[in-house]
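A closer look at the structure
Residue-level listing of the chains:
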There are 2 protein chains.
Amino acid sequence: MKESIPKFRQITATIKDIRRQYEEDLSLVVSVPSVSSEPDRFPDVRRCADVAAGLLRRAGATAEVVPTGGHPVVHASLVTDPGNPTVALYNHLDVQPADPGEWSSDPFTLTIHRGRYTGRGATDDKGPALAAMTAAALARDAGIPLNYHFLWELEEEIGSPHFASFLRERKRQIPADSVMVSDTIWVARATPSIPYGLRGLLPATLSLQTARSDVHSGVAGGVARNPLLEISELLTRCCDAETGRVKIPGFYKGVRRPRKGELERSLAVTGFTAKGFARDLGLTSIRPNLSTDLDVVKAFSMMPTFEVHGITGGYTGPGSKAIVPHRAEAKVSMRLVPGQDPIHIARLFREFVKRQNPDIRVKTFPALQPYLGDHRGPYARAARSAISAAFGKEPAFTREGGSIGAVVAMDRILRVPISFLGLSLPSHGYHSRNEHFDWGQASGGIRMFLHYFGEIARIRPPRRRRTAKG
Amino acid sequence: MKESIPKFRQITATIKDIRRQYEEDLSLVVSVPSVSSEPDRFPDVRRCADVAAGLLRRAGATAEVVPTGGHPVVHASLVTDPGNPTVALYNHLDVQPADPGEWSSDPFTLTIHRGRYTGRGATDDKGPALAAMTAAALARDAGIPLNYHFLWELEEEIGSPHFASFLRERKRQIPADSVMVSDTIWVARATPSIPYGLRGLLPATLSLQTARSDVHSGVAGGVARNPLLEISELLTRCCDAETGRVKIPGFYKGVRRPRKGELERSLAVTGFTAKGFARDLGLTSIRPNLSTDLDVVKAFSMMPTFEVHGITGGYTGPGSKAIVPHRAEAKVSMRLVPGQDPIHIARLFREFVKRQNPDIRVKTFPALQPYLGDHRGPYARAARSAISAAFGKEPAFTREGGSIGAVVAMDRILRVPISFLGLSLPSHGYHSRNEHFDWGQASGGIRMFLHYFGEIARIRPPRRRRTAKG
């Protein structure tokens, strides 16, 4: 690890010690099932915040679990000198649900095998959060003149409903000159990437009830409406299943086309191939209309989508049950891109459903705005240099298909440059069963963050009113 | 009960005693969760057969639990004199699955409240089975010169896969001159009906897998195929959700049109109304193309259907999970009518799916043939007279929308007249939550069966080789 440490003080910790501590900490946080979407887990989410605050304090930070209208935010500061510049480090510690039956080991017990860390949240985003914390402590030990504010959210997986109000209230206590976010995914293991754009997300449910309870299909079949069929038909009208083209009128209006050469440049640097992408994600086949690598990059990073996540209603147990279901619900979401306004799209969607089948109820949930940043300036240069130094590879500046609600909030409220230094790989099973992280990405990440901190410590803060306290 | 007992000996049992015993027996058999479709319940299904055989023995019958390739059949005989004619009484003791969360009381504990018996199987078909058993014992006590063979199946709800082979093997030991089936549903509480036709049933699953596991929609959304969307689209191509019209080419070929006046006659007698039908079943609305009462009767009794019973795949837990599912499966079935051959329809269905989406796997399950009997002859007259005597109402001869696989097997193998003397009402929640039966139908049923037995004991058996032993 020595080669990439900036030329401040030498760090005395050995890689072996750092790794042992990192694995211990990751085991601890993964063992707390902080599933923010499941009401039964709410106490665990809170416990995760407390555990995380404890780790930050051990690292020397002043940590606070800040209540919000929902799950808390962990806000911690590691101040080397109030006169030094400050970076806000954003991560989240809440996780996606996990069905133990689908996993090869318990999702909430970290399994360590040959440097692979399997457990829910390992790569999204507990592993990267702890890598950033580890790097900040090492940078402090190395004498890098930088202060750190940790913003560890616990509502990212449910769309960050309270993060903007948390930020607005705390703004004066977060004297950040820049933000670093580590919650994004490389294009491939061999090709690090720095995203400068994110898609937005508009989640919704479609539900229909046509009877008091399920009825026998021998008694009522032919007469009773079948809500599963009606919901299926509506889904088909919203989106072409084969191509994924969204058929809601006006949906694509405003979608910004990629800048000239934008896709090509990104492809050239990353060496991205559709084949490798499908292999990493375990896709048996991809949509048949995507014939080139460019088509694929465009489809997952610059184009909006309409997805069905699950359909409930009727009988789904073992064997068969000849009933006509009395209700059906589809969980859906749309990924949105710059140029699309979630509020406007939600209205178009509602109106469309109403015209197609007025009995179907649409419920939309708080949306995430799409984000388009910049990939120029000193912070972007520092990020590029940090990746090269740590991983020996030129990063690609790319647009990413995911959504991080907090990013839009930080952009609007903190108004400072945001760098994305993610560590997840497509093969890590982000949001899937057997999610994992690995020591290669964790240790490389620690090196990368150290280098980045050394670089940005030298950036002269832009004109900006600073409060006296760090 | 006295008025309707045929003029043989007087029965000495009091109605109070009969009722107490009936409720005790029904409580006992309902308490055994004989769900034939759920592998975990297989021992319970077997136990139900043993319990039932015990009740039949107590009633004086010789009972045997006959093994088959699947669940057993209870075969019992109550012989008054080998020279007397014999009726085979068909019922089934297996039940539909029941989700306790949907019920207002435990589905496998009979709740008795003001003559209403709530529990899974109460009306389908444990209640009617015990009414038939009770009536046979009373008829024997009354000296009615008739022998009884009880055929109590335990695989009716899964399509009677072994009943035909059971019958073929046992044919010589079942010297039936006629069959009585009590597993059908009246048109309304006020309008008893005797079905002479049944729909068939072709169950199937449609499944599609497009990836190794679910993937994050932020990572792969737009590129990854969405199997829930593709299955939805296929369902929509199979069947028009609004009207229920099946769109598989050739599906309606051969469907027999109702005979001239068939629907009208049935309507006139039964006083059926679409409004009452919808109310009894708890349907908020019915398919909009069914504008008259005739349309409704035709739709549920004489026309085939395509139903979706449930769709699995992706995420269906609380909250949301932004994934693209890696697989989806739809449980479907088609009700078929006389003139449609399930094997031919299964082939049309497979070919259609293959043309629409060759990646979707079709699995069909053993089908039930549609059935069209006759409503003339001495047994039909006896049935009509029994209903009039017991319920004070003229029955309607109708076609029923459900399917009883065993009926087709008995028709083909035993080759004797079959009468349908059902006791279930549309409001009984057949196949639904809070299924129930009631003493009104049970006691009326016992009277009806007694009368029927008295009538058919007088019918001179048609020429038919009889074995010496009853």
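The rules behind each value
- Note that residues are indexed from 1 along each chain, following the sequence as it is written.
- By the order in which they are written, chains take letters starting at A while ligands take numbers starting at 1.
- Reporting in this predicted model follows two pLDDT cut-offs: at least 70 for local features of residues, and 80 or more for side-chain atom pairs to be given and counted; totals over whole chains, interfaces and linings ignore these cut-offs and use all residues.
- Two strands qualify as a pair provided that DSSP identifies no fewer than 2 bridges between them.
- Strands here mean DSSP runs of E at least two residues long; helices mean DSSP runs of H or I at least four residues long; both are numbered from the N terminus.
- Least-squares fitting of one copy onto the other uses the C-alpha atoms of those residues that reach a pLDDT of at least 70 in both copies.
- Contacts are defined on C-beta atoms placed from the backbone: any two residues whose C-beta positions lie within 7 Å are in contact.
- For this classification, the nonpolar set comprises Ala, Val, Leu, Ile, Met, Phe, Trp, Tyr, Cys and Pro, the charged set comprises Asp, Glu, Lys and Arg, and every other residue, Gly included, is treated as polar.
- For every residue, the other C-beta atoms within 10 Å of its own C-beta are counted; 20 or more classify it as buried, 12 or fewer as exposed, and values in between as partly exposed. C-beta atoms are placed from the backbone.
- Domain start and stop positions are those given by an automatic or database domain assignment.

**Details of the sheet that holds strand β16 (residues 396-400) of chain B**
All names here are of chain B. Strand order in the open sheet formed by 3 strands is β15-β8-β16, with mixed pairing between adjacent strands. Both outer strands of the open sheet, β15 (371-372) and β16, are each paired with one neighbouring strand and no more. As defined by bridge partners, strand β8 (residues 193-198) adjoins β15 across 2 bridges and the pair is classed as antiparallel. Residue pairing in the sheet places Leu198 in a bridge with Tyr371 of β15.

**Quick notes on the sheet that holds strand β8 (residues 193-198) of chain A**
Reading across from one edge, β15-β8-β16 (chain A) is the order of the 3 strands in this open sheet, with mixed pairing throughout. The strands lining the two open edges of the sheet, one partner per strand, are β15 (371-372) and β16 (396-400) of chain A.

**What about the relation of the copies chain A and chain B?**
Expressed as a screw operation, the relation of chain A to chain B combines 0.1 Å of axial shift with a rotation of 180°, fitting to an RMSD of 0.1 Å. Classification of the inter-copy transformation places it as that of a two-fold axis. Of the C-alpha atoms belonging to chain A, the one lying closest to the rotation axis is found on Ser232 of chain A, 2.3 Å away. Here 100% of the contact residues of chain A are again contact residues in chain B; the copies associate through an equivalent surface.

**Focus on the interface of chain A and chain B**
Contacts between the two partners involve 81 residues from chain A, matched on the other side by 81 residues from chain B. Within the residue set of the side of chain A that touches chain B, elements represented by two or more residues are β9 (200-209), β10 (215-216), α5 (217-220), α6 (227-238), α9 (293-301), β11 (307-312), β12 (323-324) and β13 (327-336) of chain A. Top element by residues in the side of chain A that touches chain B is α6 of chain A. It accounts for 7 residues. In terms of residue class, the side of chain A that touches chain B is built from 36 nonpolar, 32 polar and 13 charged.

**Quick look at the pairing of strand β7 (residues 178-181) of chain A**
All names here are of chain A. Covered by surrounding structure in β7 are Ser178 and Met180 together with Val179 and Val181, the residues of both alternating faces. Where strand β3 (residues 86-92) and β7 come together, 4 bridges link them in parallel fashion. From the neighbouring strand, Leu89 faces β7, where its bridge partner is Met180.

**Regarding the domain arrangement of chain A**
Residues and elements named next belong to chain A. Considered domain by domain, chain A is made up of domain 1 (2-198 + 370-456) and domain 2 (200-255 + 303-364). The distance between the C-alpha centroids of domain 1 and domain 2 comes to 35 Å. Each partner contributes to the interface: domain 1 provides 6 residues, whereas domain 2 provides 7 residues. Looking at the side of domain 1 that touches domain 2 residue by residue, the classes come out as 2 nonpolar, 4 polar and no charged.

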